[in-house]
Amino acid sequence: MINYNTFAFKDIKRSFLFTYNDLITRLYKLDFNIPIIILITGISYFWGVWDDSSQSLTAHDEGLYVGRARLMLDKGNWFTPFAEPHHKTVGSYWLIAMSIRILGFSEYSSRLPSSIFSILSSILIYYIGREFLSNRGALVSALILPSMPLWIQYSRYASPDMPFVFCILLIIYCLVKINHPRNHIIYFFTLGLFISLSFLLRSFMLALPLFALVPVFLHTKIFTNHRYFFYVISGICIGLVPSIISLIFAINQYGNDSVLSLLGFAKDKAVGGYSLKSLIFYPSNLAALSFPMILLALPGLRTISKHTNKSILGIVLYFPLIYLFILSILSSRHAHYSLILYPFISLYCGRSFDELIFNNNKLDKNYIFSIGIIFSTFAIISLGLSLTINNEYSPQLIQENKLLFINIIPLSIFYCGTGIYLITRNIFNRQIILAIALLCLVQNLTFINLYSKGLMGNPNPKIKQFISRQDVSEVLNKEIIYLLNMNGKERTLIQSYFPTFQHINEINQLGNDPNYLMVKKDEFEVLAKTSIKFDVEVISKYNDWYLAYVDKL
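What comes next concerns the included structure. Owing to the predicted nature of the structure, the values given are computational and were not obtained by experimental measurement. Throughout, residues of each chain are indexed from 1 in the direction in which the sequence is written. Totals for whole chains, interfaces and linings use all residues, but because this is a predicted model, local features are given only for residues with pLDDT of at least 70 and pairs of side-chain atoms are given and counted only at 80 or more. Only hydrogens and water are set aside when side-chain values are computed; all heavy atoms of the structure are taken into account.

So, the overall build of the chain
For step 1, the next point in the chain: Counting from the N terminus, the helices are DSSP H or I runs at least four residues long and the strands are E runs at least two residues long. Broken down by element type, the chain carries 26 helices and five strands.
For step 2, the next point in the chain: Pairs at least 24 residues apart make up 76% of the contacts formed inside the chain by residues separated by at least 6 positions.
For step 3, the next point in the chain: Here the open area of atoms and residues is found with the Shrake-Rupley method and a 1.4 Å probe, where only the protein chains shown may cover a residue. Of the roughly 26,700 Å² that the chain leaves accessible, carbon and sulfur atoms contribute 62%. The contact criterion used throughout is that any non-hydrogen atoms of two residues lie within 4.5 Å.

Brief notes about the packing of helix α2 (residues 33-46) against helix α5 (residues 107-129)
For step 1, the next point in the chain: Relative to each other, α2 and α5 sit at 150°, their axes nearing to 10 Å. Along this stretch, α2 crosses α5, giving a crossing that reads as right-handed. The segment α2 lies against α5, with N33, I34, I37, I38, T41, G42, Y45 and F46 engaging Y108, L112, S115, I116, S118, I119, S122, I123, Y126 and Y127.
For step 2, the next point in the chain: When the residues that make up the contact of α2 with α5 are grouped by side-chain class, the tally is twelve nonpolar, six polar and no charged. Angles here are taken between N-to-C directions and fall from 0 to 180 degrees, while the axes themselves are lines fitted to C-alpha atoms, restricted in helices to the stretch in contact. With the far helix as reference, a near helix turned anticlockwise by less than a right angle produces a left-handed crossing, and one turned clockwise produces a right-handed crossing. Gly falls in the polar group here, along with every residue not listed as nonpolar (Ala, Val, Leu, Ile, Met, Phe, Trp, Tyr, Cys, Pro) or charged (Asp, Glu, Lys, Arg).

Concerning the environment of L298
For step 1, the next point in the chain: With respect to the element layout, L298 can be found in helix α16 (residues 293-304).
For step 2, the next point in the chain: When its relative accessible area of 39% is taken as the criterion, L298 is described as partly exposed.
For step 3, the next point in the chain: As for L298 and S352, which are separated by 54 residues in sequence, their C-alpha atoms are 7.9 Å apart. For every residue, the accessible area obtained with a 1.4 Å probe (protein chains only) is divided by the maximum for its type, and the residue is called buried under 20%, exposed over 50%, and partly exposed between those limits.

Some remarks on the packing of helix α4 (residues 91-103) against α5
Helix-helix packing: each pair is described by the crossing angle between the helix axes and the interaxial distance.
For step 1, the next point in the chain: Closest axis-to-axis distance for the α4/α5 pair is 8 Å, and the angle between their directions is 125°. Our classification of the angle between α4 and α5 gives oblique. The two elements α4 and α5 cross, and the hand of that crossing is right-handed. On α5, the residues that touch L95, I96, S99, I100 and L103 of α4 are Y108, S109, S110, L112, P113 and F117.
For step 2, the next point in the chain: Partitioned by chemical class, the residues of the contact of α4 with α5 number eight nonpolar, three polar and no charged. Between 65 and 115 degrees an angle is taken as roughly perpendicular, under 35 as roughly parallel, over 145 as roughly antiparallel, and anywhere else as oblique.

Some remarks on empty space enclosed by the protein
For step 1, the next point in the chain: Within this scheme a cavity is a closed region of a 1 Å grid, computed over the protein atoms alone, that accommodates a 1.4 Å probe without allowing it to escape, whereas a pocket is open but has protein on both sides within 12 Å along at least five of seven lines; lining residues each have an atom within 4 Å of a point. Grid points are joined across faces, edges and corners, and a volume is the space filled by probe spheres set on the points. A full pass over the atoms with the stated rule returns two cavities of 30 Å³ or more.
For step 2, the next point in the chain: Reported here for the largest cavity is a volume of approximately 90 Å³.
For step 3, the next point in the chain: Together, Y45, F46, V49, Q55, E107, Y108, R111, L112, S115, S155 and R156 line the largest cavity.
For step 4, the next point in the chain: Of all the elements in the fold, those that place two or more residues in the lining of the largest cavity are α2 and α5.
For step 5, the next point in the chain: Broken down by element, the residue count for the lining of the largest cavity peaks at five residues, all from α5.

A few points about unusual backbone geometry
For step 1, the next point in the chain: A cis amide bond, omega 5°, links F291 with the succeeding residue P292.
For step 2, the next point in the chain: Relative to the elements of secondary structure, P292 occurs in the loop between α15 (276-288) and α16.
For step 3, the next point in the chain: Look at N485: it is not a glycine, yet its phi comes out positive at around 50°.
For step 4, the next point in the chain: Relative to the elements of secondary structure, N485 occurs in the loop between β1 (481-484) and α25 (488-497).
For step 5, the next point in the chain: For N543, which is not a glycine, the phi torsion comes out positive at approximately 55°.
For step 6, the next point in the chain: For N543, the position within the fold is in the loop between β4 (534-542) and β5 (545-552).
For step 7, the next point in the chain: By relative accessible area, N543 is classed as partly exposed at 29%.

As for the pattern of salt bridges
For step 1, the next point in the chain: We define a salt bridge as a side-chain nitrogen of Lys or Arg found within 4 Å of a carboxyl oxygen belonging to Asp or Glu. In total, this model carries six salt bridges according to the counting rule given.
For step 2, the next point in the chain: Close ionic contact of K177 with E131 constitutes a salt bridge, the shortest N to O distance being 3.8 Å. With a gap of 46 residues between them, K177 in helix α8 (residues 161-178) and E131 in the loop between α5 and α6 (135-143) connect regions that are remote in the sequence.
For step 3, the next point in the chain: A relative accessible area of 16% means that K177 is categorised as buried.
For step 4, the next point in the chain: One salt bridge in this structure joins D161 and R202, with 3.5 Å as the shortest N-O distance. Of this pair, D161 sits in helix α8 while R202 sits in helix α9 (residues 185-202), and the two are 41 residues apart along the sequence. Each member of the pair D161 and R202 is classed as buried.

Things to note about the layout of surface pockets
For step 1, the next point in the chain: Taken as a whole, the second largest pocket spans an internal volume of roughly 780 Å³.
For step 2, the next point in the chain: Along the walls of the second largest pocket sit 27 residues, with R68, L71, F82, R491 and Q495 positioned nearest its centre.
For step 3, the next point in the chain: Of all the secondary structure elements, the ones that give two or more residues to the lining of the second largest pocket are α3 (59-75), α25 and β2 (501-504).
For step 4, the next point in the chain: With nine residues, the top contributor of residues to the lining of the second largest pocket is α3.
For step 5, the next point in the chain: Classifying every residue of the lining of the second largest pocket by side-chain character gives nine nonpolar, twelve polar and six charged.

Digging into the pairing of β2
For step 1, the next point in the chain: The rule for pairing is simple: two strands pair if DSSP sees at least two bridges between them. In the sheet, β1 pairs with β2 via four bridges, with the strands oriented parallel. Looking across to β2, one finds that Y482 is bridged to Q502.

A look at the packing of aromatic side chains
Aromatic ring pairs are described here by two measures, namely the spacing of the ring centres and the angle between the planes.
For step 1, the next point in the chain: Ring pairs shown here join Phe, Tyr and Trp side chains whose ring centres sit within 6.5 Å, with only the six-membered ring taken for Trp; geometry is labelled stacked below 30 degrees between planes, edge-to-face above 60, and tilted in between. One pass over the structure, following the stated rule, counts 25 aromatic pairs.
For step 2, the next point in the chain: Taking the centre distance of 6.3 Å and the plane angle of 55° together, the rings of Y127 and Y173 count as tilted. On the criterion of sequence distance, the pair formed by Y127 in helix α5 and Y173 in helix α8 is long-range, its members being 46 residues apart.
For step 3, the next point in the chain: Taken together, a centroid distance of 4.7 Å and an interplanar angle of 45° make the contact between Y154 and Y157 tilted. Per residue, the accessibility class of Y154 equals that of Y157, and both read buried.
For step 4, the next point in the chain: An aromatic cluster of at least three residues, connected via ring pairs, comprises Y126, Y127, Y173 and Y187.

Description of a nonpolar patch on the surface
For step 1, the next point in the chain: Surface patches are drawn from residues lacking salt bridges whose relative accessible area is over 30%; two like charges belong together within 9 Å, two nonpolar side chains (Val, Leu, Ile, Met, Phe, Trp, Tyr) within 5 Å. On the surface, I36, L39, I40, I43, W47 and W50 cluster together to form a nonpolar patch covering roughly 620 Å² of accessible area.
For step 2, the next point in the chain: For W50, the location among the structural elements is in the loop between α2 and α3.
For step 3, the next point in the chain: W50 sits in the exposed class, given a relative accessible area of 62%.

So, in structure tokens, the structure goes:
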């Protein structure tokens with residue numbers, strides 16, 4: 001019979017001593033790559049966020065997450081603020097709500113958690129990469145992430161996706177460390193803790209990465225060593241506390257429907273059949289939304305597949321392949337479900353740098369020629385579309401988005417130049433790989449500029465123009481705004497931006513005092529004709545909706 005209390009106390013004491021000694025050692029032996037990662041990724045995700053006029057939320061899903069987070073704050077209820085059973089675990093809104101609580105409401109505060117966890121994810125990729133790459137290769141892996149279109153988009157996006165990716169990467173890092181001969185219980189406990197916290201963030205979405213990690217778990221000592229198993233389970237139990245409390249509150253308020261809602265949402269996302277379209281959706285999106293780094297990653301993937309360490313193979317090769325396969329057979333098709341795969345593409349790129357630059361290996365001439373053709377074709381298509389739209393279809397659109405094309409055209413020219421350079425090279429040398437790296441840097445700088453100017457990450461500028469008007473802002477800050485039969489995109493955005501609002505289905509639900517009403521254009525015309533009962537005055541307009549002052553006569 002194992003005395004868990006005895007070995008628990010000894011191991012906890014040893015773990016804290018290890019952590020303290022490790023911290024002191026690291027203070028004397030600082031890794032200067034970490035400040036570099038924080039600086040470069042920080043610029044990528046934070047540059048331009050202070051310009052509030054150039055930022056607006058996406059109706060789906062940013063508006064939904066922010067609106068629900070604000071509902072928690074408005075009601076002072078962080079567990080069950082909803083009128084009916086909710087289909088997601090509430091942890092997905094907590095980080096956004098805490099950020100808004102501390103900094104006040106803005107796009108910046110709503111998106112801040114994603115940016116912070118994206119930086120932390122890059123740091124984790126660096127540490128994971130150091131297990132099988134050189135320090136330089138691991139640094140390249142960490143820095144190359146912001147040049148991937150989907151990654152930088154969700155690093156500036158109000159959602160729980162980046163915190164969830166961080167949790168999964170931390171689980172993977174713990175799995176790497178516990179296979180070392182000098183493992184420590186802190187890794188086993190952290191592994192269990194973040195499994196539970198991942199559930200709090202994304203509920204049953206956690207099942208996908210856990211299932212993909214089964215081959216890795218089977219190569220650990222968790223299931224064969226009672227002590228290690230005990231600490232993993234302890235971490236899981238402690239991490240489940242907020243989820244259990246939330247579920248208890250939900251059952252008390254909504255009954256068993258709260259559990260059925262969670263299960264039903266997971267079933268809807270997973271079941272429903274798949275077709276050829278769903279089978280190719282994620283691989284094609286993965287290639288397109290990590291371009292051009294996916295091309296640089298392929299040589300690294302080939303060399304990693306020959307790695308002799310089964311644990312490393314399970315994490316860096318089998319996990320992404322199994323995860324991609326599971327996604328491809330699910331009924332849901334959402335590009336952000338594949339976000340966890342992009343750090344692995346960056347690790348493959350780091351391996352390519354190690355092999356091609358530092359180990360002086362060579363690429364096949366046909367592969368270099370193919371990359372050159374792809375780059376040149378991409379550049380020609382981009383330039384052609386820009387010039388065609390400019391000259392024929394929508395000159396007004398180009399005039400309104402002049403800055404967009406000022407950024408796209410130089411990037412396209414750079415792609416074309418890099419492609420021609422690769423095509424004309426007969427043998428591989430370091431200049432080729434550095435040219436691709438420079439192209440990634442230019443692409444990253446382009447994204448930073450587009451976000452800072454509001455040309456990306458600003459999908460609904462009209463809502464910001466509307467609420468920024470002085471006559472509108474004065475009303476919003478003082479009065480309850482009644483929303484008459486409002487649904488869809490407008491409802492999502494209004495709920496995110498209006499301090500106080502109330503939904504109504506009929507005009508008779510207005511109070512006796514003077515009221516402020518958001519009403520659709522056609523319904524407003526009907527209301528205006530009934531002037532015997534109502535005194536109506538338009539204050540401002542947003543799309544097909546009027547903000548009107550309504551006084552019952």
